[in-house]
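Structural characterization, general
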Amino acid sequence: MRRHRFGLQLACVAITLFFGVPLYLIALAAFSSRESLDRFPLPLLPTDLSAETITTFLGSTGVVGGYLNSLMVGLSTVVLALVIGVPAGYALARHAFRGRDPYQLFLLLTRALPIVVLSVPLARIFLQTGLYDTTYAVTLLHTALALPTTVLITSAVFVGVPREHEEAAQVFGASPARAFARVVLPQALPGIAAVAMFTFVLSWNEVLGATILTLNQRTLPAHVLTTLSDSPLAYRFAGGLALILPAIVFVAVMRRYLLNMWGTTLR
Amino acid sequence: MKLRGPLLLIAPSLIFLTALFAWPLVAGLSQANGADIRRMLDDAYFWPAARNTALLIVVLIPLQFALAIAMALLLRARPRFAGVYFYIWVIPLAISDLAAGLVWLAVFTDRGYLNSALSQLHIEGYAWLSYQHPVTMFLAVVVAELWRSTSLVFVIVVAGMQSIPRDYDEAAAVFGANYWQRLRKVILPQLRPSLQVALILRTILALETFAVAQALTGRNMPLLVGETYQWYAVLQNPNVATAIALVILAVSLLAAFGYLRALRS
Amino acid sequence: MKITISDLVKTYPGQARRATDDVSLEIADGEFLVLVGPSGCGKTTLLRMVAGLETPDSGTIHIGDRDVTGVAARHRGISMVFQSYAIFPHMKVRDNIGFGLAMRKVDPAEIRRRVDQAAELLQLTEVLDRHPAQLSGGQRQRVAVARAVVVDSGVLLMDEPLSNLDALLRLQFRAELKKIVREIGTTTLYVTHDQAEAMSLGDRVAVMRDGRIAQLGPPLEVYDAPSDQFVGGFLGSPPMNFVPGPALGHASDVLIGVRAEKVAVGTERADDARPATVEVVEPTGASMLLTVLIDGHRLKVSAPPTFTATPEQQIWLRFDPTSLRFYDPETGLALLR
């Protein structure tokens, strides 16, 4: 039994190292000076930390703009996806209506569409409508990508609020709108916040569509991708860390909801 | 009220998705003509890209399912610090494939951390990502993808395991089944729905992989989606890009339906 | 307020059977009426239609003299206790109890006064400023009742309110509930699957089966003279015994129903007694419950707690003719004698 436990810990530690060490290394690389990154072998311990690489990265053309664009696109996507998706999620959770199953199938199907399939024709449509190379274009694409998941997860969130609560509110004199606002929404709020985070991260990470739909108004990943081939290693490492940081914050905040969001609702 | 209410609530999403999915899809389908398809097929990068994409899926997915199931089983044994392990194991969930490529670039690049570590052990470095070493180049991409995308499978499997009552497992144990028997006869069969979802999802997502390879190898290891990007952004030919995109779409749908059928029987 | 239910029919979509099948029922002002029956008998559907949470296919519902059939729940002037309590977890106990008053735009000072009063009635004063998550199951139940009584509506509906409590608490709260409802004097419609609850609470009980009311009447009357075999078998613990007539010396075209406690048990042979063989002996404390075989038919009879018997033993049963009920063996319906 004791040996068994030891083996268990050993396996867990090994896997943790596989997932953790690369994160450590990219942080180490991003916080090394340019000069020490040119050395070989690279120091494996944080002996001479420096903000030089990361500040150079942040100072180079397009990075701050990319950050702001990513932020803009991410927040707008969250708002738009919630405004459109929450009512649909509520309808799925509470109503049995004709067309419910086809609608769900439609959502699943749209989620199976590769981003490229949409992006290229969309770029053409946006060129004609003057939306090309704007953050709005990217927001629309990201909302379309996030929406099926937003609807399905919010519907799971609303299913978690007992129907009897809503009925109780109505019996005690609340209109349907009031019952929703006073009783359902407050209980669904943590779940909806989780959906919002999920949507933001999806938008933050999406690179291909953002690259195809913009030329100058790049989001951060799109900017990093398009400048990849002609930038020094130090720049790429700093870019890698810059892209990852929100992810770590996201997972830290969302740990409690992860299983429900990715796990249960996907089944 | 019974019918109009819910329809009113789903209408915005329906209209939005139709405008942004169906319209471009139809527009895309009507654009790719025979000449573009021929040009796509004649391109020197197309078939290697198709082969690499297929190979990546065939190698990556079995590996990552084995890893994810093993990870879930480890956590199920309730080790100490399970919370910490879980946190670290799911961080890659929120990491993009571009960022994952850059992370592993720091490891695999010629003067990167792997060769540095080797040199401290007095082992000579190796050009892992060189186009002269296609095998290690491919494996580097596999490792990076394994690192990034296994978390998704892991979370789905853990959630699936949580919904299996422990009673079944305990009953099997009481009646004398050993760990492997329980795993094969009790746990895995009940995980089937979760695994099915994960498999469809991961195959479709794996077909879309490209930024990892782009960050690690440039165009030395072409992948299908990377080629659409090349045709569109670098070669400025959206029609061929569309043609490749449609190939990806067809394979995605085929994979999804194929799995559904195979797993149902 | 009086409730008048006329010819209510409801079929849920996708189901062949009617959930309620042409039910009519009148509940007098201030009456406590219990709907009781096995699950799926339509009792909850009936209650929910009165609440306005389900729409009947046909038929009408009047509360007082007002036809409320098409009126939304919130405009019916009712209050309700839900099976799962439906206490709002994000609101403090005080706000939960005062919810109905707040929705009716009652002055805050008045809400406060009435909430305090209701809390005192239900012994919740201590926990008014807590959230429901910090309460025990029994306390949550009390909050649900307080929320329902505080609005002072004309009709109080209760949907299995005690079914989530453990056995001991259920027994305690049952009596308390009866007292509270009598004090406020509201017309009450109460749904339960527990026959003991129905017996103890109702001024009248309506036993339901397959979407219809099988029997309606004061609890003791229904208990004593079930209108059919189903009601007799459902109400009472143990349920009524049914044996073919010849086993007790009656005609062969009747089925005889007799309650366990109406059978006199003795060890001595007597002319007016019939022999039976003891099969199982179960002491319940208050009595000795015997399962006996008489002429090959199984019967439950209850003997005084001091009665001693062992399996296989022969005993003598005496049946008081006035306590026997007669049923048609084909239809199960009561025969008039």
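The structure presented is a predicted model; accordingly, all values stated were derived computationally and were not measured.

Residues and elements named next belong to chain C. Overall, the coordinates contain 22 aromatic pairs over all chains when judged by the stated rule. A ring pair is formed by Phe32 and Tyr190, whose centres lie 5.6 Å apart and whose planes are at 40°; its orientation type is tilted. With Phe32 in strand E3 (residues 32-36) and Tyr190 in strand E8 (residues 187-192), this residue pair connects regions lying 158 residues apart in the sequence. Since its relative accessible area comes to 5%, Phe32 is described here as buried.

Residue and element names in this part refer to chain C. Annotation of chain C at the domain level lists domain 1 (3-227) and domain 2 (238-327). Summarising the inter-unit geometry, the C-alpha centres of domain 1 and domain 2 are found 39 Å apart. In this complex, domain 1 contributes five residues to the contact, which on the side of domain 2 involves six residues. Both sides together, the interface formed by domain 1 and domain 2 hides about 500 Å², and carbon and sulfur atoms give 36% of it. When the buried area of domain 1 at its contact with domain 2 is split by residue, Tyr223, Asp224 and Pro226 rank highest and sum to 89% of it. At the junction of domain 1 and domain 2, the tally comes to two salt bridges. When the shortest N-O distance is used, the salt bridge between Arg325 and Asp224 registers 3.1 Å. Counting every contact that joins domain 1 to domain 2 gives five residue pairs in polar contact (both at pLDDT 80 or more).

Time to look at the interface of chain A and chain C. Across the boundary between the two partners, chain A contributes 17 residues, which contact 26 residues of chain C. Across the interface of chain A and chain C, roughly 1,900 Å² is buried in total on both sides, 65% from carbon and sulfur atoms. Taken as a group, A:Glu164, A:Val171 and A:Phe172 account for 40% of the area that chain A buries against chain C, more than any other trio of residues on that side. Linking chain A with chain C are one salt bridge. In this structure, C:Arg48 and A:Glu167 form a salt bridge, with 2.7 Å as the shortest nitrogen-oxygen distance. Across the contact surface, chain A and chain C share five residue pairs in polar contact (both at pLDDT 80 or more). For the side of chain A that touches chain C, the secondary structure elements donating two or more residues are helix H8 (163-171) and helix H9 (176-205) of chain A. The greatest single-element share of the side of chain A that touches chain C, amounting to seven residues, is contributed by H8(A). Considered class by class, the residues forming the side of chain A that touches chain C number eight nonpolar, five polar and four charged.

So, on to the interface of chain A and chain B. The interface is formed by 93 residues belonging to chain A together with 94 residues belonging to chain B. With both sides pooled, the region where chain A packs onto chain B buries about 8,200 Å², and carbon together with sulfur makes up 80% of that total. For the pair chain A and chain B, the number of links is zero salt bridges. Linking chain A with chain B are 14 residue pairs in polar contact (both at pLDDT 80 or more). Considering every element that reaches the side of chain A that touches chain B, the biggest residue donor is helix H12 (residues 233-264) of chain A, with 18 residues. Classifying every residue of the side of chain A that touches chain B gives 70 nonpolar, 14 polar and nine charged.

Each value, and the rule that gives it
Residues numbered from 1 in each chain as written. Chains lettered and ligands numbered in written order. Predicted model: local features only at pLDDT ≥ 70, side-chain atom pairs only at ≥ 80, totals over all residues. Heavy atoms only, no water. Phe/Tyr/Trp six-rings, centres within 6.5 Å; stacked < 30°, edge-to-face > 60°. Helix = DSSP H or I, 4+ residues; strand = E, 2+ residues; numbered from the N terminus. Buried < 20%, exposed > 50% of the residue type's maximum accessible area, 1.4 Å probe, protein only. Domains from an automatic or database assignment. Contact = heavy atoms within 4.5 Å. Buried area = accessible area lost by both parts, 1.4 Å probe. Salt bridge = Lys/Arg side-chain N within 4 Å of Asp/Glu carboxyl O. Polar contact = N/O pair within 3.5 Å; in protein donor to acceptor, adjacent residues only side chain to side chain. Nonpolar A, V, L, I, M, F, W, Y, C, P; charged D, E, K, R; others polar.

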